[in-house]
Amino acid sequence: MTNPRTAAAVVAGKLASAASRALRRGGGTALPGLVAERVDPALVAHLGRTLGRGRIVVTGTNGKTTTSRIIASAMDADAMPYVHNREGSNLMRGMASTLLAEAGTTGGIRSARDAAGLFETDEATMPAAVAALQPRVLVFTNLFRDQLDRYGEVDTVAGLWRTALERAPRDATLVLNADDPSVAELATGWSGPVHWFGLDDPAYATDSAGAYDARWCACGGDYRYDRRYFAHVGHWRCTKCERRRPSPQTSASAVRLGLDSARLSIDGQETVTMPLTGLYNVYNALAAVAACRAFGIGDEAIRQGLAHAQPAFGRQEVVEIEDAACAYTWRKTRRARTRCSFCFAKSRGNGLRSRLRCS
């Protein structure tokens, strides 16, 4: 039976959503949840935990939205019903808005027992989101300096993520980037399963990979790299303790980047093509594949999900101007813009005549 307070919160949120749209004061992705949580602060827990197939949460400095969209594409291919904050409203109010939009006026989500939950989650929101949703799978894409006014240094974010793990179910699966030592460190002390993903393609190793956002191991030792792809991401090892890059269960090789697509071999097997490009998106694809595997989605659905995944608005657009194809790609950090330029150079090396604008 639905909690009366939850039912009242759903009705209040739906009224706020209708008012917001009628007044053209937003898309209804945050305000309804904000209103509903005033009525029932535990709304996300009360609705989210009714999704019987389990929940996936996806976080990281870069790639949350795209990784989530690839997972959603695989769920579509698998004919799996799911609830997803697709618009990218990734604070608790955004998740609440997504859930109440799926609920009826009685306060329950129809056929919730047969549905999954897929939630892109803001880095600092992870402790609250994990406590509320009790996910089966937690995905961490990468950790870089970003929005210092909100998060502080990367150590602060890493601390928030460790707090989130303390609130997670002990049998939940962590999906971790093996090539990012800051993310890999989350496995220390975790007693549950871990699914690692990483890149195994020497063609993208470089000596000009930019500044590090993770220079020292928790033991105080320096990181050394046998292969460095960008920033602190690559095949790393600590010079003091025994920590080193774990062997990934999900890996990519034979990567070939085009202007608007990428080809890659997953685990050295069949080559797949996806309509996303750039090395960041290769990592996003690996995170999504690893999450799908941990969640029990079949290989064919994963392949179809990759083949039909689409970038979020503004992430990757190509227009023809005169005799050139112009790629518009949105990157929110200096690190991402650096990789955008590097991967663009790679695509030009593959025979494409093109111009690039990063914004």
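What you see is a predicted model, and the numbers here were worked out from it, not measured in a lab.

(A) Spatial organisation of the environment of Ala307. Positionally, Ala307 belongs in helix α11 (residues 299–308). Owing to a relative accessible area of 34%, Ala307 belongs among the partly exposed residues under this scheme. For the pair formed by Ala307 and Thr273, sequence separation is 34 residues and the distance between their alpha carbons is 6.0 Å. With sequence-adjacent residues up to four places away left out, Ala307 is seen in contact with Thr273 and Pro275.

(B) The arrangement of the pairing of strand β4 (residues 137–140) in detail. Side-chain alternation along β4 places Val137 and Val139 on one buried face and Leu138 and Phe140 on a second face that is also buried. Bridge analysis of strand β1 (residues 55–59) against β4 gives four bridges, and the strand direction is parallel. Bridging from a neighbouring strand, Thr59 pairs with Phe140 of β4. Bridge count between β4 and strand β5 (residues 173–177): four bridges; the pairing is parallel. Considered in β5, the bridge of Val139 is made with Val175.

(C) Layout of the pairing of strand β10 (residues 262–266). Across the five residues that make up β10, a large majority, four, are buried. Inspection of the sheet shows strand β9 (residues 250–257) paired to β10 by four bridges, in the antiparallel sense. The partner of Arg256 across the bridge, within β10, is Arg263. The pairing of β10 with strand β11 (residues 271–274) spans four bridges and is antiparallel. Note that in β11 the partner of Ser265 across the bridge is Thr271.

(D) Representation of the packing of aromatic side chains within the structure. In total, this model carries five aromatic pairs according to the counting rule given. Here Phe230 and Tyr280 contribute two aromatic rings whose centre-to-centre distance is 4.9 Å and whose plane-to-plane angle is 65°, an arrangement assigned as edge-to-face. Taken together, the positions of Phe230 in strand β7 (residues 223–230) and Tyr280 in helix α10 (residues 279–295) put the pair 50 residues apart, joining distant regions of the chain. Relative accessible area serves as the criterion here: at 8%, Tyr280 is assigned to the buried category. An aromatic cluster is present here, built from Phe144, Phe230, Tyr280 and Tyr283 joined pairwise through their rings.

(E) Quick peek at the nonpolar core. Membership of the largest hydrophobic core comes to 52 residues, with the highest contact counts inside it found for Leu138, Phe140 and Leu176. Per-element tally for this core: the top contributor is helix α8 (residues 154–166), with six residues. Among residues more than four places away in sequence, those in contact with Leu176 are Phe140, Val183, Ala184, Leu186, Ala187, Val194, His195, Trp196 and Phe197. By size, the runner-up hydrophobic cluster in this structure holds 48 residues, among which are Tyr204, Ile266, Ala290 and Phe295.

(F) Just the sheet that holds β10, in detail. Strand order in the open sheet made by the nine strands is β2-β3-β1-β4-β5-β6-β9-β10-β11, with mixed pairing throughout. Across the chains shown, the open sheet's two edge strands, defined by having one partner strand only, are β2 (82–84) and β11. Across the sheet, the mean angle separating the axes of adjacent strands is 20° when strand polarity is ignored. Here helix α5 (residues 92–102) sits on the sheet and contacts β2 and β3 (116–120); the angle it forms with β2, its principal contact strand, is near 140°.

The rules behind the values
Residues numbered from 1 in each chain as written. Predicted model: local features only at pLDDT ≥ 70, side-chain atom pairs only at ≥ 80, totals over all residues. Heavy atoms only, no water. Helix = DSSP H or I, 4+ residues; strand = E, 2+ residues; numbered from the N terminus. Buried < 20%, exposed > 50% of the residue type's maximum accessible area, 1.4 Å probe, protein only. Contact = heavy atoms within 4.5 Å. Pairing = 2+ DSSP bridges. Phe/Tyr/Trp six-rings, centres within 6.5 Å; stacked < 30°, edge-to-face > 60°. Core = buried A, V, L, I, M, F, W, Y, C linked by side-chain atoms within 4.5 Å. Axes fitted to C-alpha atoms, helices over the stretch in contact; angles between N-to-C directions.

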